[in-house]
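Reading the structure
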Amino acid sequence: MAEDNDDRTESATPRRLQKAREEGQVARSRELASFALLSAGFFGAWGLSGMIGTHLQEMLRNAFTFNHATAFETSKMLEGAGAASTEGFYALLPVLALTGLAALLAPMALGGWLLSTNALQPKFDRLNPITGLGRIFSINGPIQLGMSIVKTLVIGVIGGSAVWNRREDVLALATQPLNVALANTAHLVGVCCGMTVAGFFVIAALDVPYQLYTFHKKLRMTKEEVKREHKENEGDPHVKGKIRQAQRAAARRRMMAQVPKADVVVTNPTHFAVALQYTDGATGAPKVVAKGINLVAARIREIAAEHNVPLLEAPPLARALYHNVELEREIPGSLYGAVAEVLAWVYQLRRFNAGNGDRPVKPTDLDVPPGMDKGSPSEEEEAQEAADTFAADDDTTGVSA
């Protein structure tokens, strides 16, 4: 267990904190709650002392007023007791309301409100006596005992000092008139209670950081747990790679299905192959419907030959189209002239195949801007193409029909 705790050196992740909260585990400080309740009660009684005193005086006046009829009639006595109870309730109601509000708001200062049924579920491992003894004799036991002793000493010293410093005022109460003595007594009680509340503030100020430290220490994670959670959140890199590869393979199949519909395939002739399509009467420019290098280029040429799509060897144009035009995108204006010559050759070739006219001469020396011809494929492009090529050896499924 000690080694396991030593391995937990990483702070809890947001997901771990959220899971702990769902299980009913949040940072809590009983001393903070006690301080909030005492503060609400003290300041409530102090601030509302006038109203409370009025109700208490009315209650005492009714209780000590002698009435011959009331003394010998049970119903009258009950009515008097009910009236006294009502006055007492009205006197304490504001203080009770403030303390109740403090009890609800105090948790928000540390861990927030939490309503979880997981904390109410029975856990039979808590009945294990060995585990219980382990908790008793763990390091937390002496710490809690020490904090209880410190709390008692702080409250005792503060309360005792408050009374001792005013011992002469306490002794003088016996010689004062009743009204004056009652007022001074209330003042002395208020001062002593205020000092006690101040003592609880000191204790809460010490307990809150300790509880936060203990809570986050208990939720610490090992490096392996953090890595495992990261994989669960972001996905295993190997699995994500397989998914991306499958997506590219699906895109490749869709691309290959467009090759038979192309007007022409421009080749390197070995490294590159780009299929172009142009719809007569369309307002847009010709677009690239398929492209690839190496094995993919070879497969594009095979499919084009199977479906009688013309092949044209134009290395600079093939390289420029591959590097500068994405799939299903129109060609840029700088390549309009070269592609127009290619399409003109395609239309002439169609007329020749239909028995009209002479065989056209393949265009050469096409006008391709030097900056668009980036040469042979890079090592990175070739490696990526090789990794993705025919992921399941069936990229061309459905394109041969």
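Thresholds applied
Residues numbered from 1 in each chain as written. Predicted model: local features only at pLDDT ≥ 70, side-chain atom pairs only at ≥ 80, totals over all residues. Heavy atoms only, no water. Pairing = 2+ DSSP bridges. Helix = DSSP H or I, 4+ residues; strand = E, 2+ residues; numbered from the N terminus. Axes fitted to C-alpha atoms, helices over the stretch in contact; angles between N-to-C directions. Contact = heavy atoms within 4.5 Å. Parallel < 35°, antiparallel > 145°, perpendicular 65-115°, else oblique. Left-handed = near helix turned anticlockwise from the far one by under 90°. Nonpolar A, V, L, I, M, F, W, Y, C, P; charged D, E, K, R; others polar. Expected span 1.5 Å × (residues − 1). Buried < 20%, exposed > 50% of the residue type's maximum accessible area, 1.4 Å probe, protein only. Arc of directions from axis to C-beta. Phe/Tyr/Trp six-rings, centres within 6.5 Å; stacked < 30°, edge-to-face > 60°. Lys NZ or Arg CZ within 6 Å of the ring centre and 35° of its normal. Patch = residues over 30% accessible without salt bridge, like charges linked within 9 Å, V, L, I, M, F, W, Y side chains within 5 Å. Areas by Shrake-Rupley, 256 points an atom, 1.4 Å probe, with all protein chains shown as cover. Salt bridge = Lys/Arg side-chain N within 4 Å of Asp/Glu carboxyl O. pLDDT = per-residue confidence, 0-100. Polar contact = N/O pair within 3.5 Å; in protein donor to acceptor, adjacent residues only side chain to side chain.

To continue, consider the sheet that holds strand 4 (residues 311-313). The sheet built from 4 strands is open, its strands ordered 3-2-1-4 with mixed pairing. With partners counted over all chains shown, the strands left at the sheet margins are strand 3 (287-293) and strand 4, one partner each. Averaged over all adjacent pairs, the angle separating strand axes in this sheet is 20 degrees, with direction ignored. Examined bridge by bridge, strand 1 (residues 264-267) and strand 2 (residues 272-277) share 4 bridges and lie antiparallel to one another. Bridge pairing in strand 2 links Val265 to Ala275. Helix 13 (residues 295-306) rests against strand 1, strand 2, strand 3 and strand 4 of the sheet, and its axis sits at about 125 degrees to strand 3. Running over the sheet, helix 14 (residues 315-324) touches strand 1, strand 2, strand 3 and strand 4 and is turned about 75 degrees from strand 2.

We now examine unusual backbone geometry. Non-glycine residue Asn294 carries a positive phi angle of around 55 degrees. Assignment of secondary structure puts Asn294 in the loop between strand 3 and helix 13. Here Asp365, not a glycine, exhibits a phi torsion of approximately 50 degrees, which is positive. Within the secondary structure layout, Asp365 lies in the loop between helix 15 (336-353) and helix 16 (379-388).

A few words on the packing of helix 3 (residues 30-47) against helix 10 (residues 178-218). The N-to-C vectors of helix 3 and helix 10 enclose an angle of 155 degrees; their axes lie 8 Å apart at closest approach. Between helix 3 and helix 10, the interaxial angle falls into the category roughly antiparallel. As helix 3 runs across helix 10, the sense of the crossing is left-handed. Only Gly190, Cys193, Gly194, Val197, Phe200, Phe201, Ile203, Ala204, Asp207 and Val208 of helix 10 make contact with helix 3, whose side of the interface consists of Arg30, Glu31, Leu32, Ser34, Phe35, Leu38, Ser39 and Phe42. Grouping the constituent residues of the contact of helix 3 with helix 10 by class yields 11 nonpolar, 4 polar and 3 charged.

Now for the side chain of Gln211. Among the secondary structure elements, Gln211 is positioned in helix 10. Sequence-distant contacts of Gln211, defined by excluding residues within four places in its chain, comprise Arg28, Ser29 and Gln144.

Before going further, it helps to spend a moment on helix 15. For helix 15, spanning 18 residues, the distance from its first C-alpha to its last is 26 Å, which sits close to the expected 26 Å at 1.5 Å a residue. Those residues of helix 15 that sit buried are Ala338, Val339, Val342, Leu343, Trp345, Val346 and Leu349. In a view along the axis of helix 15, the buried residues occupy a sector of 155 degrees, so they form one face of it. Among the residues trailing helix 15, Gly355 stands out with phi positive, at a value near 90 degrees.

Here a ring pair, both rings aromatic, is described through the centre-centre distance and the interplanar angle of the planes. Going through the model one piece at a time under the given rule, you end up with 2 aromatic pairs. With centroids separated by 5.2 Å and ring planes inclined at 65 degrees, the aromatic side chains of Phe272 and Tyr322 adopt a geometry described as edge-to-face. Remark: Tyr322 occurs in helix 14 and Phe272 occurs in strand 2; sequence separation between them is 50 residues. The ring of Trp164 has Arg167 lying over it, and the distance from NZ or CZ to the ring centre is 4.1 Å.

Taking 1.5 Å per residue as the helical rise, helix 13 with its 12 residues ought to reach 16 Å, and the 17 Å between its terminal C-alpha atoms agrees with that figure. Buried within helix 13 we find Val296, Ala297, Arg299, Ile300, Arg301, Ile303 and Ala304.

Let's shift gears to the environment of Asp373. Along the chain, Asp373 turns up in the loop between helix 15 and helix 16. For the pair Asp373 and Pro315, spaced 58 residues apart in the sequence, the C-alpha separation amounts to 9.0 Å.

Our next topic: a nonpolar patch on the surface. Side chains of Phe89, Tyr90, Leu92, Leu93 and Leu96 sit close together on the surface and give an oily, nonpolar patch of about 490 Å² of accessible area. By secondary structure assignment, the location of Leu93 is in helix 6 (residues 74-105). Judged by relative accessible area, Leu93 falls into the partly exposed class, the value being 37%.

For the chain, per-residue confidence averages 77 on the pLDDT scale, and residues scoring 70 or more make up 77% of the total. Ignoring residues within four places in sequence, the model shows residues 390-401, a span with pLDDT below 50, making 25 contacts including any to other chains.

Across the two faces of strand 1 the burial is the same, with Val264 and Val266 and Val265 and Thr267 all buried. With antiparallel pairing between neighbouring strands as the criterion, strand 1 and strand 2 make up a hairpin whose turn holds 4 residues.

What follows concerns the pattern of salt bridges. All chains considered together, the criterion is met by 5 salt bridges. Residues Glu302 and Arg299 are paired through a salt bridge, measuring 2.7 Å at the closest nitrogen-oxygen approach. Of this pair, Glu302 and Arg299 are both found in helix 13, 3 residues apart, which corresponds to roughly one turn of the helix. With a relative accessible area of 42%, Glu302 lands in the partly exposed category.

With that settled, consider the environment of Gln277. For Gln277, the location among the structural elements is in strand 2. As for Gln277 and Leu343, which are separated by 66 residues in sequence, their C-alpha atoms are 9.3 Å apart. At 3.1 Å, the side chain of Gln277 forms a polar contact with the backbone oxygen of Lys261.

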